[in-house]
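Listed below, chain by chain, are the residues.
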Amino acid sequence: MHKFRMKSSRIKICFLILYTKLYAQVLTEEHVALFIFGDSMFDVGNNNYINTTTDMQANFLPYGETFFKYPTGRPSDGRLIPDFIAEYANMPIIPPYLQPGNHQYNYGANFASAGAGALVETNQGLVIDLKTQLKYFIEIERLVKQKSGDAEGGRLLSKAIYLFSIGSNDYLVPFISNPTMLQKHPIEEYVNMVIGNQTTVIQEIYEKGGRQFGFLNVPPLGCLPLLKALMPGDKDGCVEGAMELAQLHNGAFRKVLQKLNTQLKGFRYSYMDFYTSYSERMNSPSKYGFKEGNIGCCGGGPYRGFQSCGGKRSVKEYELCENVEEYVIFDAVHPTEKAYQQIAELMWNGDHNVAGPYNLRELYKGSTLSI
């Protein structure tokens, strides 16, 4: 009987040790942080808290009406890609960095700003440009290490995933409001400037310990309702100059990432082909569960391409579709929540032709296993 009790006690102790290890692993896995940089594709409300115009904001209805039932500042009817990625990673939604009272960074932070570009000159004074977003991250790095110590803080930063959606506005602004930006430089030089600024930020994050990166490439800009409404008449209704810029950027940026992969030890990345995925849904909406791929759900003018959704901007008149679920595009530029969810799923779990050389799930899994 005595031997049985000792054996039973040993079993309980072994079980307790195993349970503690598993529980600790679960807790640790939850802390693979997401640090999010970029533009309106990733902005969950930072522009609510800066001095800007309503053209750069989405904190009014019908934005947010589908999921949140109120406008959060997200430029869509519901959730954006970072919201879904956080969900897939079993984390809470990451709030805007500038939201008052948000000082917990165990799960990461979202610095993205609608209208932002890699170039400081892109919508200058109205947005949080990429360089400023990096400054915010460096401040968080200091705070995390101050609070948790250099070793623990460094661990959080090295296991984190860094998500980027940047560049679109650098190429849209010359068509919409500031043509001189492109006129000052040959096209290839301009693209190299945009990519060069982003590369500098990636390298600085790497130097701070970042190793896992996820990138959304530039979408088919010339086929967005915004440009088609402003510059009608090109082939297939799409603005060829903007399409060429997007393609040039995406090809060059892919090569830069391949180069960084050979130069930076431990650097791992996921490159999501947003250009192709968005184009496919625009061109063949029914294949993906939509009815309309070329017209926005909310806006005015041709293709509902005027940025008038909500009636709070310079153009007040707008129409709103009856069923947002049928639309790929929500307003003049941005996808609907349903489209965003499909893109986020591809980013998280897509094959390597769409998201490679790793998808985000593989980066996340590798990060948790190495903890």
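Report on the accompanying structure. (Residues numbered from 1 in each chain as written. Predicted model: local features only at pLDDT ≥ 70, side-chain atom pairs only at ≥ 80, totals over all residues. Heavy atoms only, no water.)

## Things to note about a nonpolar patch on the surface
Together, Ile-176, Leu-230 and Met-231 make up an exposed nonpolar region whose accessible area comes to about 230 Å². Examined against the element boundaries, Leu-230 turns out to sit in helix H8 (residues 225-230). The exposure class of Leu-230 is partly exposed, given its relative accessible area of 43%. (Patch = residues over 30% accessible without salt bridge, like charges linked within 9 Å, V, L, I, M, F, W, Y side chains within 5 Å. Areas by Shrake-Rupley, 256 points an atom, 1.4 Å probe, with all protein chains shown as cover. Salt bridge = Lys/Arg side-chain N within 4 Å of Asp/Glu carboxyl O. Helix = DSSP H or I, 4+ residues; strand = E, 2+ residues; numbered from the N terminus. Buried < 20%, exposed > 50% of the residue type's maximum accessible area, 1.4 Å probe, protein only.)

## Structural notes on the layout of surface pockets
Taken as a whole, the largest pocket holds about 580 Å³ of empty space. As for the largest pocket, its lining consists of 33 residues, and the residues nearest its centre are Asp-55, Met-56, Ile-176, Leu-226 and Gln-307. Listed by contribution, the elements that provide at least two residues to the lining of the largest pocket are helix H5 (168-176) and H8. In terms of residue count, the dominant contributor to the lining of the largest pocket is H5 (five residues). Here the lining of the largest pocket is built from residues that sort into 18 nonpolar, twelve polar and three charged. (1 Å grid on protein atoms, 1.4 Å probe; cavity = no way out; pocket = protein on both sides within 12 Å on 5 of 7 lines; lining within 4 Å. Points joined across faces, edges and corners; volume = space filled by probe spheres on them. Nonpolar A, V, L, I, M, F, W, Y, C, P; charged D, E, K, R; others polar.)

## What about the state of the cysteines?
With the rule as written, the count across this model stands at three disulfides. Across the disulfide, Cys-297 is cross-linked to Cys-321 (sulfur-sulfur distance 2.0 Å). Every disulfide takes its handedness from the sign of the S-S torsion; for Cys-297 and Cys-321 that torsion is -80°, giving left-handed. Taken together, the residues span a long stretch of sequence, with Cys-297 in the loop between helix H10 (274-283) and strand S6 (298-299) and Cys-321 in the loop between strand S7 (319-320) and helix H11 (337-349) at a distance of 24 residues. For Cys-297, a relative accessible area of 1% puts it in the buried group. Each sulfur in the disulfide pair Cys-298 and Cys-309 lies 2.0 Å from the other. In this structure, the disulfide formed by Cys-298 and Cys-309 twists by about 100° around the S-S bond and is classed as right-handed. With a gap of eleven residues between them, Cys-298 in strand S6 and Cys-309 in the loop between S6 and S7 connect regions that are remote in the sequence. Given a relative accessible area of 0%, Cys-298 falls into the buried group. Owing to a relative accessible area of 1%, Cys-309 belongs among the buried residues under this scheme. For the protein chain, the bonded cysteines connect in the pattern 1-2, 3-6, 4-5 when numbered consecutively along the sequence. (Disulfide = S-S within 2.5 Å.)

## Points about the sheet that holds strand S1 (residues 34-38)
Here six strands make up an open sheet; going across it, the order is S2-S1-S3-S4-S5-S8 and the pairing mixed. Each end of this open sheet is capped by a strand with a single partner; those strands are strand S2 (108-110) and strand S8 (355-357). Each neighbouring strand pair of the sheet contributes to a mean axis angle of 20°, computed without reference to strand direction. Note: S1 against S2, three bridges, orientation parallel. When the bridges of S2 are listed, Ile-36 appears paired with Asn-110. Along the sheet face, helix H2 (residues 81-88) touches S1, S2, strand S3 (161-165) and strand S4 (212-216) and points at about 165° away from the line of S1. (Pairing = 2+ DSSP bridges. Axes fitted to C-alpha atoms, helices over the stretch in contact; angles between N-to-C directions. Contact = heavy atoms within 4.5 Å.)

## Section: the packing of aromatic side chains
For any two aromatic rings, the description comes down to two numbers: the centre-to-centre distance and the angle of the planes. A full pass over the atoms with the stated rule returns 26 aromatic pairs. We note Arg-211 situated over the ring of Tyr-206; from NZ or CZ to the ring centre the distance is 3.7 Å. Residue placement shows Arg-268 over the ring face of Tyr-358; its charged tip is 4.5 Å from the ring centre. (Phe/Tyr/Trp six-rings, centres within 6.5 Å; stacked < 30°, edge-to-face > 60°. Lys NZ or Arg CZ within 6 Å of the ring centre and 35° of its normal.)

Note that every value here comes from positions in space, so none of it alone points to a role or purpose.
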